[in-house]
Amino acid sequence: MIPTQSQSFSMLLVAIAPFLAAFVAPTVKRFLPNHAGWVLALIPTSIFLYLLSFVDLIAQGEKIQFALPWIPNLGIQLSFYLDGLSLVFGLLISGIGAFIVIYSGGYLNGHYHLGRFYAFILMFMGSMLGLVMSDNIITLFVFWELTSITSFLLIGFDHSRQASRRAAIQALVVTGGGGLLLLAGLLLMAFTMRTLDISTMLQQPGFMSEQPTYLLVFILVLFGAATKSAQVPFHFWLPNAMEAPTPVSAYLHSATMVKAGVYLLARMSPILGGTVEWQVTLPILGGITLITGALLALRQTDMKQMLAYTTMASLGMLVMLIGNGSKEGILAAMLFLVAHSFYKGGLFMVVGSIDHETGTRDITQVSGIWKSLPVTFFGAALAAASMAGLPVALGFFAKEEIYLIAKGMEWQHWLLAVTALVGNALMMAAGAAIAIRPFLGVRIATPKTPHEAPLSMLVGPAILAVLGVVVGLFIHQFGDWFFSPSASAIYNHKVSNHLGLHFDPIPLGLSVVTWIVGGIVLWKLDRIRDLLQALARVWTWGPDKGFDQAMFGLVRFADWITRLFHHGRLEQYLILVFVALGVAIYTPMVLNGSLPDVPNVLPQLRFQEWGVLLIAVLGLFAVVFGRTRLVAIVSLGIQGFAVALIFLLLGAPDLGFTQFMVETLSVVILALVMTKLHLDQRDNRVFEEVIRDGGLALICGIGLTTLLLAVLRTDLDTTLTDFFIQTSVPIAHGRNIVNVILVDYRALDTLGEISVVMTAGIAILALIRLRAGGPKRGIGAIKRAAGQRAKRAASKARSAS
Amino acid sequence: METALAILIGLFFTVAIYLLLSRSLIRMLLGVAILGNAVNLLIFTIGRVTREVPPIVPNGQYQPLEPIANPLPQALILTAIVIGFSLFAFLLVLTYRAYQELNADNTDTMRVAEPEDSPRPPLSY
Amino acid sequence: MASSAATPKDLPPAMLDVATSIADWVVVWPIVLPMVGAAILLMLRNRTEWQAPFSFAILVATLLANFSLIQTVFTKGTLTMTMGNWLPPFGISFTADSLGALFALVSTVVMIVVLFFVQSEVEDRETKYGYHPLMLILLTGVSGAFLTGDLFNLYVWFEVMLIASFGLMVIGGRKIQLDAAIKYGFINFLATTFFLIGIAYIYGLVGTLNMADIMVKAPLVENGAIASVAALFFLAFAMKAAVFPVNSWLPASYHAPDPAVSALFAGLLTKVGIYGLLRVHLMLIPQSHAQLQIAFMVVAVLTLVLSPLGALAQTNARRALGFLVMGGIGAMLAGLAFGTPYGIAGASLYAVHSMLTMTALYLAVGLVERMGGTSDIRHLGGLYKASSPLSILFLILVFAAAGLPPFLGFWPKLTLLQAGISLTTQKDPLAVYHWWVIGALLLNSLLTSIAGSRLWAHIFWRNGREGKQSEIPNANIKPLDRRGFVWGLLPTMALVGIIVVVGLWPSLYIQAGFESAKSVTIFSPNYITSVFGENSQ
Amino acid sequence: MNTIIFRTIAPYLTALMVVFSIFVLLRGHNEPGGGFIGGLIAASAIAIYGISAGVSEVRRALVFHPITFAGFGVLMAAIAGLMSAFVDVPFLMGLWLFIDLGDGSELALSTPMLFDIGVYFVVLGAISTIALALEEDEDGK
């Protein structure tokens, strides 16, 4: 459906409004220090409501797209595309975003940089919305990298600690680096498919997989998705990103940004999916990530870290499901995605509240606080139930749908289901531990005495938790509205809605197994954790450590190689320059075979010409071999005068006179300066250096001569000269043609030339007169006074002399 | 004549480059001066040299009566000489000032902008 | 024009017979105005208080001329004026095509911003010894190089630019400046000398110096020496543009002069080298592009990869920026190596981006130096708290330099990548090697963002200096004084504002890039017809 | 070098050289010579005067700082070029004005000549700036 103009405008506003809000956020915070979060949350809320109004249309299978011209030369439009997939993402981003903005107001209340924080998080929201709604791959990439940049700023929000800065740079390097590969992949894909618009690409499913470029595109896109969505072995940045304030973790590194990679794979599924490469690589990658993440989660005692690793595991699950690519798999992926966003967002906020209220988030240090934080506990319990997949929470249906894949009855389906089962069980244990351990049990002392969190920090977890159950209760309706349309968008065919509370033996059986295994793990959690930690002590190397090694290795390597080439020794630089000169002259001549023959006839010269040449040669030798400076300078004069004589002999009196004058002046100035310096008398090069430099110089000299001889074989086109000769007197009124060329035909050269002379005068004057010590800071008043003092002193000196 | 000049030019270039590669600034300056002469001779030769009369039209004539030397390279060389001299003068004074301030004539010892023992980049974030 | 003597009958046509309207003069104002301005300022050098306002007035006039020039060129095509009313190729032509006009315009913008910034740090005695005239002369040289249509004249403008940059490099007379100027001076002197040698040879081969005339005649040259001559041009411009491995002068010198001067150099000087490469190898001697393509690719890859590594290895922030400037040069070379319209557009877009962004980065670091008292990143820290505007500016610029969207640097990089990718699928023995260039472009972005974010983390995010004190607030930070704020920070902000706005609405910018690509390729005879008239073919 | 003879001769020598330089400048359009070579001769004259009589003496004699002459020269050359704007021709066109002096000879005024005089001033100004500054630096030490 093509929307009307006003609709297009409001759609555009969806993407832009968060940026505008980000712009004013610091100001809003200044005027409403305590309630800015509530006010700013109005933006995501209204976006949420606005997007909600499209649910009906989308559910009927409509797609909304529109484009505004942006960069017509490159075929890039600011085009938006709203289908089931982007709508679900859009709603999650704006909906959870609203709670996060409110929550941040409580969590960071009184923080010095809270205004900046709002700005960053709103900017992120806008980027994420833009990312999921983009139709143009360039636009998509622009927003993709914007999320990396905003994430960089948010992870490093607590900027005074090195760990935060490290995590921020790490995330930027990993996701930004993956993003660059993604860009190459997207461009190659666009070039192959001859369009930049995803919607156009979607109309030719299967086209790409037959192209020779497919494999490369697939690998590059996969790199982009895998780095962003923290798949093994690029997962390490995600747990480190927990250095960010908890709202950021909840929002970016759990509910939204990390899912961008999943979104991309889902979006590309009709275009790149369906091939063997896709269906083998993605499930394996996702499966490994799922199990690794789940196991690593159990190793942690920091609740935030536990959640981070389960997030990683969930991302693995999503990649695995999208890779599976069956109807069930895709529907399961959508269900799991929404369920995960609800419960994980909620749980992160719960952990944030615990941290905020008790001063610790170590799961072994908090216990029995449910009486102090009843609402938080309520939210945590419901979220954990959804995470465990207890009926009738949304997580239950997600799990059931995953296990439906096992009905395919082939070994790879079973393998997938079993992997999912293990992962689910482990994640359930982790989630349940967070909901139970801190709240129930014996009360132990914590760094701070807990109270119920402020309202702003309760709204989010509570509503999200309730929502997880409500959606589960009305699963069929929600299926019609959201899950079926979004799955259809990924599957590129209609995925009918069969969601409901009917019990299928295989999935239900697998669910029960999951609960049992999960229960056992929860029961033995401390033992398992000790075991895993013991293992971690043995196997200490991981990609996270590897990152430091790579980074510092890179810096050391950079240092080494830069010192190699930029060592600060002028003569070495010059040697390189002359080597390059030799290469530039000889290589093309050798390659073209155009080396001229050696002239074998001795030139026929007159006596005086021989004489002048001899003088020049003698002058040159004397310059090189002269024992003292004086000899060198005098010899310089000799070769210069020889050149002047050559000019005079060969019909260039103007040149001859000028050369005489210039050479005299050069020698005089040189002598004037030399008398003031006490310089090395001799060339202090050792023999090897003499050979090296002399050889290089000789090679270059011969090269230039050879080239000259080669050029001289061509007859000179004398059109210009003939014209000058013919018109000099009649039109330019000058008999000295050289002078006429200088002041008339090519007067502009002369104008430039006199500018050079004038500027040389200024520069030399400044060089001699301006002598300063110490670095310049440009510190206004003080320097100005000093300058005036100097000026006064100078004028005094002038008047005195 | 052209061949002889071509060989002479090669010699000029060789000497100039050899001097430029010496680490003594004053010698390098001599190299700069000789390099300028080499280039001027190159332009002169490339305009073809055949022992002709100066490019000046005799008084009262519209056009020269006999073949004359190619005036265009001469004009170019005049421009180049002037520019070359300006640069030479600047580099000379620069050397002079550098000697005064840095107390060095040898480029080996001129390491203010790029110190020999420049610090290593920090290994931190 | 009065002529007393009757002209003989056998004269060739010598002069244009159409009157030149004053509107055509727009092609020479961008050099005449600053040149005359510099001359007048020099005569008034004791009136230090007049220097800045007068320079500003001159620059505004130049800017207007540039605007009107670029508008004419974009609407009516390449604009030519041959000096002295002589027919080309006998007089010197000034030929403004889209590429030249675009570069000249951006150079003037950069110059104006820097002129403001200079007011925050220039000392009276420096004004008296020609700070402002030198800046104007530098602009004269740069604009002249971009607009001239004559190869020898290009050499003259190179020298104008060079001598002005010498002056600016040493003004102030600190030790480090002198040392840097020695390296800068000798190597750049050699570069222009090589260029002159190349001109001599090309004159020997084609007998003309007018660029349009060379375009016509150079492809017909059968002498194999032209390949070596082209390689010589490549070397000369590569040295000017600081291409690896002949780039050592740039990091050796750019951190030495005043920050404003560094900024000006970073913005203008190397781009002239790139401009020369585009002109010579794509237009004047087009056959040399195929011959040198492998060389272009190799040096492009090396420059792209090694430059940001250099930035990573520095402790001096300004020196690190020098390496980032060179990284951009690598990207422009990549565009040259591709040689397709997309590639050239990418290169010229990148050049524009680099002029603006690198200038702004140097200005920002100049302010950092002023606040932190040093440019050594080990002794900096805590500026995030001290000046949030500056920290935001710096971050934007770093990401723009790395080519991350939505900042300015992304668009040229995107264009270059598209150029490269479309080449990889062609039936061409070099097709596979284009992946190396693409890979280097991507790696450059990654390494630049690592180097940039590390700089940012060290200078801004960190509370204190390197080592154990890194959490203790840095006590050396001084807030910007009023002069620093008004003349230093605000102009920098304005420049970054331009960068951000153009980055967000790049359509005009990209159009300009493609227009200039069109004007450089040999496929467009526009340049020749503009010089010689319609029926010249 | 600073002998009595030299000091006595120097002012005359300088004056002679300046006159000669102007002669070289003006004949340049038709015979070997021109602005550049003329300027060099004049600058040498000033340098010699500076060596003999001292730099401050020269500065007093010149009234303006020599670098001002250089600026003036560039301005003059540019103005010579800009004159063509008034007759609708491109920059730097050579414009000629032949004034009949009545006795059969004519006086030729032209912008190329103006331009060449500009060159003369630039070279004179810049070179003598350099020479004087170097000489003065010696005195200062």
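To be clear, the structure that these remarks concern was listed above.
What follows covers the overall build of chain C. Within chain C, the regular secondary structure consists of 21 helices and two strands. Against the 2.2 N^0.38 benchmark of 24 Å for 537 residues, chain C shows a C-alpha radius of gyration of 23 Å, consistent with a compact globule. The principal-axis extents of the C-alpha atoms in chain C amount to approximately 85 × 65 × 40 Å. Counting only residues that meet the buried cut, chain C has 75% of its 537 residues in that class. Within chain C, contacts between residues separated by at least 24 positions form 80% of all contacts whose residues are at least 6 apart in sequence. Of the accessible surface of chain C, which amounts to about 13100 Å², a share of 66% is contributed by carbon and sulfur atoms. Side chains of chain C carry 28 positive and 23 negative charges; the gap between the two charge centres is 10 Å.

Regarding its fold elements, chain B presents three helices and zero strands. Starting at the N terminus and ending at the C terminus, chain B contains elements arranged as α-α-α. Compactness check: chain B gives a C-alpha radius of gyration of 22 Å against a globular reference of 14 Å for 125 residues, more than 25% above the reference. Overall, the C-alpha framework of chain B stretches about 80 × 35 × 30 Å when taken along its three principal axes. The proportion of buried residues among the 125 residues of chain B is 74%. Within chain B, residue pairs in contact and separated by at least 24 positions form 54% of the contacts whose partners lie at least 6 positions apart. For chain B, the accessible surface area stands at approximately 3200 Å², while carbon and sulfur atoms represent 52% of it.

Right, let's talk about the interface of chain B and chain D for a bit. Contacts between chain B and chain D engage seven residues on the former and nine residues on the latter. For the pair chain B and chain D, the summed buried area comes to about 640 Å², and 79% of that belongs to carbon and sulfur atoms. Seen at the junction of chain B and chain D, the total is zero salt bridges. Summed over the shared surface of chain B and chain D, the number is zero residue pairs in polar contact (both at pLDDT 80 or more). Of the residues in the side of chain B that touches chain D, the class split is six nonpolar, one polar and no charged.

Another point: a nonpolar patch on the surface. Residue and element names in this part refer to chain A. Among the surface-exposed residues, I615, L630, V634, I638, L645, L648 and F657 lie close enough to one another that they form a single nonpolar patch of about 570 Å² accessible area. Of all the elements, helix 27 (residues 629–649) adds the most residues to the nonpolar patch, at five residues. Locating I638 in the fold gives a position in helix 27.

In this section: the interface of chain C and chain A. Facing the 141 residues of chain C at the interface are 117 residues of chain A. Carbon and sulfur atoms supply 73% of the area buried between chain C and chain A, which totals about 11200 Å² over both sides. Applying the counting rule to chain C against chain A returns two salt bridges. For D150 of chain C, the salt bridge is made with R746 of chain A, and the minimal N-O distance between the two is 2.7 Å. Viewed at the interface, chain A and chain C are joined by 14 residue pairs in polar contact (both at pLDDT 80 or more). Sorting elements by how many residues they give to the side of chain C that touches chain A places helix 7 (residues 175–206) of chain C first, with 13 residues. Residue classes in the side of chain C that touches chain A are distributed as 85 nonpolar, 34 polar and 22 charged.

Residue and element names in this part refer to chain C. Within this structure, the stated rule accounts for 68 aromatic pairs over all chains. Judged by centre distance (5.9 Å) and plane angle (15 degrees), the ring pair of F116 and W487 falls under stacked. On the criterion of sequence distance, the pair formed by F116 in helix 3 (residues 98–118) and W487 in helix 19 (residues 482–504) is long-range, its members being 371 residues apart. Residue W487 is classed as partly exposed on the basis of its relative accessible area, which comes to 34%.

With that out of the way, let us pick up the environment of A381 of chain A. Mapped onto the fold, A381 of chain A is located in helix 17 (residues 374–388). Separated by 38 residues in the primary sequence, A381 of chain A and Y343 of chain A place their C-alpha atoms 9.9 Å from one another.

Quick look at the pattern of salt bridges now. In the structure shown here, the tally under the stated rule is 35 salt bridges over all chains. E689 of chain A is the salt-bridge partner of R23 of chain B, the closest N and O atoms lying 2.6 Å from each other. Taken together, the residues R23 of chain B in the loop between helix 1 (2–20) and helix 2 (25–46) and E689 of chain A in helix 29 (residues 687–712) connect one chain to another. With respect to class, R23 of chain B is no different from E689 of chain A; both count as buried.

Residue and element names in this part refer to chain A. For helix 17, which comprises 15 residues, the first-to-last C-alpha distance of 21 Å matches the rise-based estimate of 21 Å (1.5 Å per residue) to within 8%. Among all positions in helix 17, only T376, F377, G379, A380, A383, A384, A385, S386, M387 and A388 are buried. Against the buried residues of helix 17 lie helix 15 (303–324), helix 16 (327–358), helix 18 (394–404), helix 19 (411–436), helix 20 (455–473) and helix 22 (505–523). Just past helix 17, the residue G389 takes up positive phi, approximately 75 degrees.

F483 and F578 of chain A, Y201 and W411 of chain C together with F91 of chain D are the most contacted members of the largest nonpolar core, which has 617 residues in total. With eleven residues, the next largest nonpolar core counts I46, L62, F69 and L132 of chain D among its residues.

Turning next to the environment of A15 of chain D. Residue and element names in this part refer to chain D. Mapped onto the elements, A15 comes out in helix 1 (residues 4–27). For A15, a relative accessible area of 41% translates into the label partly exposed. Remark: the alpha-carbon pair of A15 and A77, spanning 62 residues in sequence, is separated by 25 Å.

Turning our attention to the pairing of strand 2 (residues 93–96) of chain C. Residue and element names in this part refer to chain C. Burial of strand 2 is two-sided: the residues S93 and T95 facing one way and the residues F94 and A96 facing the other way are all buried. Here four bridges tie strand 1 (residues 79–82) to strand 2, and the two strands are oriented antiparallel to one another. Each residue of the ladder has a partner; that of M81, found in strand 2, is F94.

Rules and cut-offs
Along every chain, residues carry numbers that run from 1 in the direction the sequence is written. As they are written, the chains are lettered A onward and the ligands numbered 1 onward, keeping that order. Restriction of local features to residues with pLDDT of at least 70 applies here, the model being predicted, together with a cutoff of 80 or more for giving and counting side-chain atom pairs; totals for whole chains, interfaces and linings are based on all residues. Water and hydrogen atoms play no part in the side-chain values, which are based on all heavy atoms of the structure. Runs of H or I in DSSP of at least four residues are treated as helices and runs of E of at least two as strands, each being numbered from the N terminus. Between the two quantities, the radius of gyration covers C-alpha atoms and the globule rule is 2.2 Å times the number of residues to the power 0.38. We call a residue buried when its accessible area falls under 20% of the maximum for its residue type, exposed when it is over 50%, and partly exposed in between, using a 1.4 Å probe and counting protein chains only. We call two residues contacting when some pair of their heavy atoms lies within 4.5 Å. Areas reported here follow the Shrake-Rupley algorithm with a probe of radius 1.4 Å; residue values treat only the protein chains shown as occluding. Note on charges: Lys and Arg go in the positive column, Asp and Glu in the negative column, and His and the chain ends are not counted at all. Where a charge lies is defined by one atom per residue type, namely NZ (Lys), CZ (Arg), CG (Asp) and CD (Glu). Buried area is calculated as the accessible area (1.4 Å probe) missing from two parts once they are joined, with the contributions of both summed. The term salt bridge refers to a side-chain nitrogen of Lys or Arg lying within 4 Å of a carboxyl oxygen of Asp or Glu. Whenever a nitrogen or oxygen atom comes within 3.5 Å of another N or O atom, the pair is scored as a polar contact, on the condition that within protein one atom can donate a hydrogen and the other can accept it, and that pairs from neighbouring residues in sequence are kept only if both atoms are in side chains. Only Asp, Glu, Lys and Arg are considered charged in this grouping, and only Ala, Val, Leu, Ile, Met, Phe, Trp, Tyr, Cys and Pro are considered nonpolar; every other residue, Gly among them, is considered polar. Each patch is assembled from residues with relative accessible area greater than 30% and no salt bridge, linking like charges that lie within 9 Å and nonpolar side chains (Val, Leu, Ile, Met, Phe, Trp, Tyr) that lie within 5 Å. The rule is short: rings of Phe, Tyr and Trp, with Trp giving its six-membered ring, pair when the centres are within 6.5 Å, and they are stacked under 30 degrees, edge-to-face over 60, tilted in between. Expected helix span is given by 1.5 Å per residue-to-residue step, counting one fewer step than there are residues. Among the buried residues, those of types Ala, Val, Leu, Ile, Met, Phe, Trp, Tyr and Cys that are joined through side-chain atoms within 4.5 Å form a nonpolar core. A pair of strands is labelled paired if DSSP reports no fewer than 2 bridges between them.

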